[in-house]
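# Structural description and commentary
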Amino acid sequence: AAGLNVQLFDKSRGSGGRMSSKRCDVGDLDLGAQYFTARDRHFVEAVRQWQENGWLAEWKPALYQSQGGQLSLSPDTQQRFVGVPRMSALTRQLLGDLPATFACRITEVFRGERHWHLVDADGQSHGPFSKVVVAVPAPQAVALLSAAPKLASAVASATMEPVWAVALSFARALDTPVEGCFVQDSPLDWLARNRSKPGRAVGMDSWVLHASSAWSRQHLDLPREAVIEQLRCAFAELLGCAVPEADFALAHRWLYARPAQGHQWGALADADLGLYVCGDWCLSGRVEGAWLSGQEAARRLLEHAA
Ligand SMILES: Cc1cc2nc3c(=O)[nH]c(=O)nc-3n(C[C@H](O)[C@H](O)[C@H](O)COP(=O)(O)OP(=O)(O)OC[C@H]3O[C@@H](n4cnc5c(N)ncnc54)[C@H](O)[C@@H]3O)c2cc1C
Ligand SMILES: NC(=O)C1=CN([C@@H]2O[C@H](COP(=O)(O)OP(=O)(O)OC[C@H]3O[C@@H](n4cnc5c(N)ncnc54)[C@H](O)[C@@H]3O)[C@@H](O)[C@H]2O)CC=C1
């Protein structure tokens, strides 16, 4: 928006990061961020604009909570948004025609005499660039900040927690009114019924289950099949209805799902070098926090470029 030339590199095959959706035979599944809320007025305004553009829609699930094995309705007035027809649709729209190189993992960010250069996992070099913004989870950012050791050590203090995500699809819809559920006292901490979200395929009855970070940490190296089975059992127990073997199942491990602690950093920078770091872990560990942190990095970068 400020007229600078931007080149984006991402190690994934598509945009979205932890907001990405997986394309499967049973439809698109949001395995990471499930929905987002908007509280900061700048973000509220951005969300309003995206909604007007048709990039996202409000999700109004039949919301439940489960505590001590007791399932109860838990309606509220909180507005929750999702990308349509999949979560990652929003990032695809925001990307527009910005030059982006996907499936490109950056392994080194180094400064030449006047400019920055990036090296990827295939040894290819990219650049020169006058500024670099590192927008990845804190533990992955550290390796890219060797040119600014002070910055690297601040970032290294931000640790992140894992989350196992499981998707289960059933040809016959489960006999339950639940469409979203906040869970306590279980290996799970969240579950969502995919077809209750706007614009999703309605053929199969697909669910996304998230394990708690504590369970995920304890079962980090459990084989995928075992993760699916254990979380399916926890799911069945929680719903209290018959849950057959799924017709389709997958498990995805998010190693750096959520920040372990909250910070109010906004973004971090070595402005003299032209190196900026941002991400949800600089703020609230939510989509809104990620967006605000990116805005703050951009603001500082432009301030220094002026
Ligand atoms: C399971 C789960 C559930 C969640 N649920 C919610 C929710 O309901 N509501 C909510 O608001 N938030 C939720 N979140 C959090 C939300 O997804 C994040 O806060 C937000 O997406 C973070 O955005 P980001 O840009 O900071 O980082 P990311 O989305 O992690 O983006 C970083 C990008 O950098 C790329 N990358 C990493 N290293 C390299 C490298 N070396 N070279 C090139 N590219 C690299 C990655 O591929 C990725 O695309 C959830 C997250 C998870 C994992
Ligand atoms: N699994 C993961 O890796 C991550 C999950 N994240 C979740 O993303 C959501 C985003 O947070 P916000 O935007 O603040 O969303 P929000 O306001 O819907 O929820 C915030 C938290 O409040 C509780 N809560 C809210 N509404 C209800 C309700 N009706 N009944 C019972 N409890 C309720 C619940 O504990 C929830 O986690 C939260 O649920 C986070 O736990 C965020 C980041 C990572």
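Residues numbered from 1 in each chain as written. Chains lettered and ligands numbered in written order. Predicted model: local features only at pLDDT ≥ 70, side-chain atom pairs only at ≥ 80, totals over all residues.

A word on the site of ligand 2. In the neighbourhood of ligand 2, 15 residues make up the surrounding shell, with Thr37, Ser74, Asp76, Ala257 and Arg258 lying closest. Those elements that provide at least two residues to the shell around ligand 2 are β5 (63-67) and β17 (248-259). Considered class by class, the residues forming the shell around ligand 2 number 5 nonpolar, 6 polar and 4 charged. (Near = placed C-beta within 6 Å. Helix = DSSP H or I, 4+ residues; strand = E, 2+ residues; numbered from the N terminus. Nonpolar A, V, L, I, M, F, W, Y, C, P; charged D, E, K, R; others polar.)

Turning our eyes to something else, we now look at the nonpolar core. Across soluble globular proteins, nonpolar side chains have a tendency to be buried as a group. Within the largest apolar cluster, 76 residues are counted, with the highest numbers of intra-cluster contacts made by Val166 and Val277. Each of domain 1 (24-29 + 60-80 + 160-259) and domain 2 (105-158 + 261-305) gives at least three residues to this core. Sequence-distant contacts of Val277, defined by excluding residues within four places in its chain, comprise Val134, Ala141, Leu145, Leu151, Val155, Ala267, Leu268 and Ala269. (Core = buried A, V, L, I, M, F, W, Y, C linked by C-beta atoms within 7 Å. Buried ≥ 20, exposed ≤ 12 C-beta atoms within 10 Å, placed from the backbone. Domains from an automatic or database assignment. Contact = placed C-beta atoms within 7 Å.)

Overall, the prediction assigns the protein chain a mean pLDDT of 96, with 100% of residues at 70 or greater. The complex prediction reports pTM at 0.97, with the ipTM value standing at 0.98. (pLDDT = per-residue confidence, 0-100.)

With mixed pairing, the 7 strands of this open sheet are ordered in space as β6-β5-β14-β15-β16-β13-β17. Bordering the open sheet on either side are β6 (70-73) and β17, each of which pairs with just one other strand. The average angle at which neighbouring strand axes cross in this sheet is 20°, direction not considered. Note that strand β13 (residues 160-170) and strand β16 (residues 205-211) share 6 bridges and pair antiparallel. Counterpart to Val166 in the pairing with β16 is Leu209. (Pairing = 2+ DSSP bridges. Axes fitted to C-alpha atoms, helices over the stretch in contact; angles between N-to-C directions.)

Attention now moves to the site of ligand 1. Taken together, 31 residues lie around ligand 1, and Gly17, Arg18, Asp280, Arg286 and Ala290 are the ones closest in. Broken down by secondary-structure element, the contributors of at least two residues to the shell around ligand 1 are β13, β17 and α7 (287-305). Of the residues assigned to the shell around ligand 1, the class counts are 15 nonpolar, 9 polar and 7 charged. There are two domains that each give the shell around ligand 1 at least three residues, and those are domain 1 (24-29 + 60-80 + 160-259) and domain 2 (105-158 + 261-305).

This part takes up the UniProt feature "domain: Amine oxidase" (unreviewed entry) in the protein chain. The UniProt entry lists residues 86-302 under the feature "domain: Amine oxidase" (unreviewed entry), expressed in the numbering used here. Secondary structure across residues 86-302 comprises 26% helix and 31% strand; the distance between its end C-alpha atoms is 32 Å. (UniProt positions renumbered as here; feature names shortened; annotations may be inferred.)

This part covers the domain arrangement of the protein chain. Along its sequence, the protein chain is organised into domain 1 (24-29 + 60-80 + 160-259) and domain 2 (105-158 + 261-305). Its C-alpha centre places domain 1 at a distance of 33 Å from the equivalent point of domain 2. On the side of domain 2, 10 residues touch domain 1, which itself brings 4 residues to the contact. In terms of residue count, β17 provides more of the side of domain 1 that touches domain 2 than any other element does, 3 residues in total.

Taking 1.5 Å per residue, 12 residues should reach 16 Å; helix α1 (residues 41-52) reaches 16 Å between its end C-alpha atoms and fits that length. Of all 12 residues in α1, 1 are buried; the element is thus mostly exposed. (Expected span 1.5 Å × (residues − 1).)

Let us look at unusual backbone geometry. Residue Pro85 follows Val84 across a cis peptide bond; omega there is 5°. With respect to the helices, strands and loops of the structure, Pro85 is situated in the loop between β7 (81-83) and α2 (89-95). Between Gly127 and the following residue, Pro128, the backbone shows a cis peptide bond with an omega angle of 0°. You can see Pro128 is positioned in strand β11 (residues 125-129). Of note in this structure, Ala103 is not a glycine but carries a positive phi near 55°. Structurally, Ala103 can be placed in the loop between β8 (100-101) and β9 (106-111). Given 13 C-beta atoms within a 10 Å radius, Ala103 is considered partly exposed. Positioned with a positive phi, Asp185 is a non-glycine residue whose angle comes to about 60°. By the element assignment, Asp185 lies in the loop between β14 (180-183) and β15 (188-193).

Where strand β2 (residues 21-24) and strand β3 (residues 27-30) come together, 4 bridges link them in antiparallel fashion. Among the inter-strand pairings, Cys24 is bridged to a residue of β3, identified as Gly27. Taken together, β2 and the strand that follows it, β3, pair antiparallel across an intervening segment of 2 residues.

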